[in-house]
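Each chain, letter by letter, is given below.
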Amino acid sequence: MLYVYKASAGSGKTYRLTRRYLEICFQHPDDPAYFRHILTMTFTNAATAEMKSRILDELKKLAFQPDQAEHLGFLMRETERSKSSISQLAELILRQMMERYSSFSVTTIDSFFQTVLRLFTRELDIKAGYQVELNTDAVLDKAVDAFLDDIESGSQGMYWIEAVLNKRWEAGKSNSFRGELLGLGRELFSEGIYEKLAYIPSESLPDIRNQIIKRKTELEEAHQSILDRAGEVLKKQGLEPESFKGKSRSKARTWLVTYDNIDKIAGDMDGALRKLSSALHVEEEWIKDSTRGGERQELLTAFEKLQPLLEETIDFILNRLPIYQSFKSMSDNIESFAFLSLLDTYVQQYCDENQRVLISETTELLRKVIDYQMLPFFYERLGERYDHILLDEFQDTSSSQWENLEVLVDNAVAQAGGSALIVGDVKQAIYRWRNGEWSILQSQLKEKYDPEDKYEEENLSENWRSSKEIVDFNNQMYRELPQLIAKAYQDEYQFNSEGGALLPEILEHVYQGASQNIDEAILEKRRGGYVYLDFFLKGIKDSVKQFGVSEEMEKADQEEAMFEQLRKTVSQAQDRGFRRRDICILVRKKNESAEVAKRLLAWQGEEDGDQFKFASPEVVRLDQSFSVQLIMAFFKLMMNPSEKVARAEWQQARAYLEGDAAHSEAAQSEREDLETLLAQAHSQSLWEIAEELITLYHLGGHSGEIPFLQEFQDQLLEFSASEGGHVREWLNHWEDHR
């Protein structure tokens, strides 16, 4: 059976996952180590840690403090066992779990895939001792360098680079030659790209491009030929499109002026068809009833000659425009596709030479070993057979990930006594940027398993986290959102009633069952919530149009008002008794977090500045630490002892650190001659150099420096393990990634 929990925020999904995990364990009292047949996968390391902690904590309570265990009553009912029996079994399970901890399979999807990859290196033709490469930007950087070093004038590589850059520059994109190539090259690390690149041999692409351009041009000329012939009809009759009924809004003008370009029709295909079809063979749509005599006869003659041409246009839209759109799409992307096909060779070459496997390749590689035919061999190699699969945060699972997981889920669901549990919330799907596919949870699972009577769905409707007022606000918002979003799309993209009809229906399905309740037993404890909405930067275009101010000026004024409201809100919250740690400021983009941090820092210098002290991992950077600056200045001096900027950075960091009264005297007494230190450093590793400087200058004893130094040394160790630890390479890496 496949169980699916649709779980909104605060609905207790981790609680239910834990309960299901324990239920499976306690259903097999003769095998206290049955947990080895359960595979639980979450999306993040934090969720994995929380899940493991919940299971272990509950088992300890069940074993030694059963009256405090949350799931005792449920387990007693489901297993029909007494409290003492449950407690004894919990202790046995817990002991087995400690003895066989590696079989306690609660992991992230990525970690599970990496485990499988390590077990099947031979079958996948991966060299022993490989490393998974997480830093795809570094690989891309080296691949682009190697690619550019190899290309010669007149080569295929030069041909495609020129084609790519010309098209992107014509579109007004960046003038940075290398930046454009790197930006495009990042597409190589998207899911599914390798399957697409392998489909067409790179040597065939120039001929394919020429054929695409030829067919696209032929279709453009065919459309233009219809318009030209219509123009000739009007010219011979001495007429203009505005000569017909409606003048500037006449059917002739709509046809020959509004839709004079094939791309205009492509952008409004439904609208063009509707408007042009309504004018076909309808005389009164072209000629006013009041028009008489020779003028009417001229218009009528033109009308009759134009109708066959209008029929051609409608036929073109129905039958040839979709073909044109396909060729245009291919034409727009063929150069980029060809460049990626060539660049991929250099990426793979780098990975082969350095024994790397890109993390983006993992799901593609695993398709070769996780399939229905190889499943017995797969489980044999894995060492465990999973009869129960539990998947959390499923709304962010990608199609490629699901193709691999689907095999395991199918096997678990098909077995007698086996099961799968999937938990997710389509409303919380946020990983579309890495190909998260919310429709799998929304509809595909039910379509596949429900006809086999192996599907059971439950909406977790109780909210155990939020205040009543917040729950009420969310419920009202979710009721109204489908129509609000549908209207926004209608206004933005001008759907006709038929084309946009499905959108509200889709949205209603997404938000169906989103309404939450609060248990009556805790309702009184959950009062006192508050929601306040204020909108800025929304009506800029309207203000610009109405008052004639510049868009930049209006945006600056509204941003200033927004930050003033932010300051007021933070102050008022603390005046009402909230602490700074109770306040969270969320932004959409990293550059916005930097701007908010800049404002908070500025406000700290004012009279009530203590209210605005904050912590943010997005803003606090390693290079803000004077201890790190000191070590980095030393590395630079190793490469060039006479570099004046590096010496100034060294002296500035030393002066700041020695200004700490608690350490000034000790640091002064243990100071070594810098030249001697530099001479000795070339025989040491990067980590050893950093450690010696930390010890010598007591850097860890300075206020607030330890977290920076720990992270810095971790990065040094990781870099040394993967790149060899040369000072020059480290300096380049630092400049690229700090």
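One can find the structure itself at the top, above this paragraph.
The following refers to the structure shown. (Residues numbered from 1 in each chain as written. Predicted model: local features only at pLDDT ≥ 70, side-chain atom pairs only at ≥ 80, totals over all residues. Heavy atoms only, no water.)

**Observations concerning the overall build of the protein chain**
Argument step 1. Secondary structure assignment for the protein chain yields 30 helices and eight strands.
Argument step 2. Counting contacts in the protein chain only where the partners sit at least 6 residues apart, residues at least 24 apart contribute 76% of the total. (Helix = DSSP H or I, 4+ residues; strand = E, 2+ residues; numbered from the N terminus. Contact = heavy atoms within 4.5 Å.)

**Comments concerning the side chain of histidine 223**
Argument step 1. One can find histidine 223 in helix 10 (residues 205-237).
Argument step 2. The exposure class assigned to histidine 223 is buried, which follows from its relative accessible area of 2%.
Argument step 3. If we ignore the near neighbours within four places in the chain, the residues touching histidine 223 are Tyr259, Asp260, Asn261, Ile262, Ile265 and Phe316. (Buried < 20%, exposed > 50% of the residue type's maximum accessible area, 1.4 Å probe, protein only.)

**So, the environment of serine 326**
Argument step 1. Its place among the elements puts serine 326 in helix 14 (residues 293-353).
Argument step 2. Judged by its relative accessible area of 40%, serine 326 is partly exposed.
Argument step 3. Sequence spacing of serine 326 and lysine 216 is 110 residues, and the spatial spacing of their C-alpha atoms is 8.9 Å.

**Focus: a nonpolar patch on the surface**
Argument step 1. A cluster of nonpolar side chains, contributed by Val531, Leu533 and Phe535, occupies part of the molecular surface with about 310 Å² of accessible area.
Argument step 2. Residue placement: valine 531 occurs in the loop between helix 20 (502-511) and helix 21 (540-547). (Patch = residues over 30% accessible without salt bridge, like charges linked within 9 Å, V, L, I, M, F, W, Y side chains within 5 Å. Areas by Shrake-Rupley, 256 points an atom, 1.4 Å probe, with all protein chains shown as cover. Salt bridge = Lys/Arg side-chain N within 4 Å of Asp/Glu carboxyl O.)

**Focus on empty space enclosed by the protein**
To find the voids left in a structure, one rolls a probe of water-molecule size over its atoms.
Argument step 1. Inspection of the entire model under this criterion finds two cavities of 30 Å³ or more.
Argument step 2. Approximately 40 Å³ is the volume attributed to the largest cavity.
Argument step 3. What lines the largest cavity is Phe634, Leu677, Ala681, Gln684, Ile689, Glu692 and Leu693.
Argument step 4. Of all the secondary-structure elements, those providing two or more residues to the lining of the largest cavity are helix 27 (674-681) and helix 28 (686-696).
Argument step 5. Across the lining of the largest cavity, the residue classes break down as five nonpolar, one polar and one charged. (1 Å grid on protein atoms, 1.4 Å probe; cavity = no way out; pocket = protein on both sides within 12 Å on 5 of 7 lines; lining within 4 Å. Points joined across faces, edges and corners; volume = space filled by probe spheres on them. Nonpolar A, V, L, I, M, F, W, Y, C, P; charged D, E, K, R; others polar.)

**Topic: the layout of surface pockets**
Argument step 1. In this structure, the largest pocket occupies an estimated 2500 Å³ of space.
Argument step 2. Tyr532, Leu533, Cys584, Ile585 and Leu586 are the residues nearest the centre of the largest pocket, which is lined by 34 residues in total.
Argument step 3. Listing elements by their share of the lining of the largest pocket, those giving two or more residues are helix 22 (551-575) and helix 23 (590-604).
Argument step 4. The element contributing the most residues to the lining of the largest pocket is helix 22, with nine residues.
Argument step 5. Considering only residue class, the lining of the largest pocket consists of 19 nonpolar, six polar and nine charged.

**Here we look at helix 27**
Argument step 1. Listed in full, the buried residues belonging to helix 27 are Leu674, Leu677, Leu678 and Ala681. The buried residues of helix 27 all sit within an arc of 100 degrees when viewed along its axis, so they share a single face.
Argument step 2. Lining the buried residues of helix 27 we find helix 24 (626-639), helix 25 (644-658) and helix 28. (Arc of directions from axis to C-beta.)

**Some points on the pattern of salt bridges**
Argument step 1. What the rule picks out here adds up to 37 salt bridges.
Argument step 2. Across the pair arginine 16 and glutamate 458 runs a salt bridge whose closest N-O atoms are separated by 3.1 Å. Residue arginine 16 is found in helix 1 (residues 13-26), and its partner glutamate 458 is found in strand 8 (residues 455-460); the two are separated by 442 residues along the sequence.
Argument step 3. Judged by its relative accessible area of 33%, glutamate 458 falls in the partly exposed class.
Argument step 4. Here lysine 60 makes a salt bridge to aspartate 57, at a shortest N to O gap of 4.0 Å. Of this pair, lysine 60 and aspartate 57 both sit in helix 2 (residues 45-64), separated by three residues, roughly a single helical turn.
Argument step 5. Taking relative accessible area as the criterion, aspartate 57 reaches 34% and is therefore assigned partly exposed.
Argument step 6. Each of Lys13, Asp392 and Glu393 takes part in one network of salt bridges that share partners.

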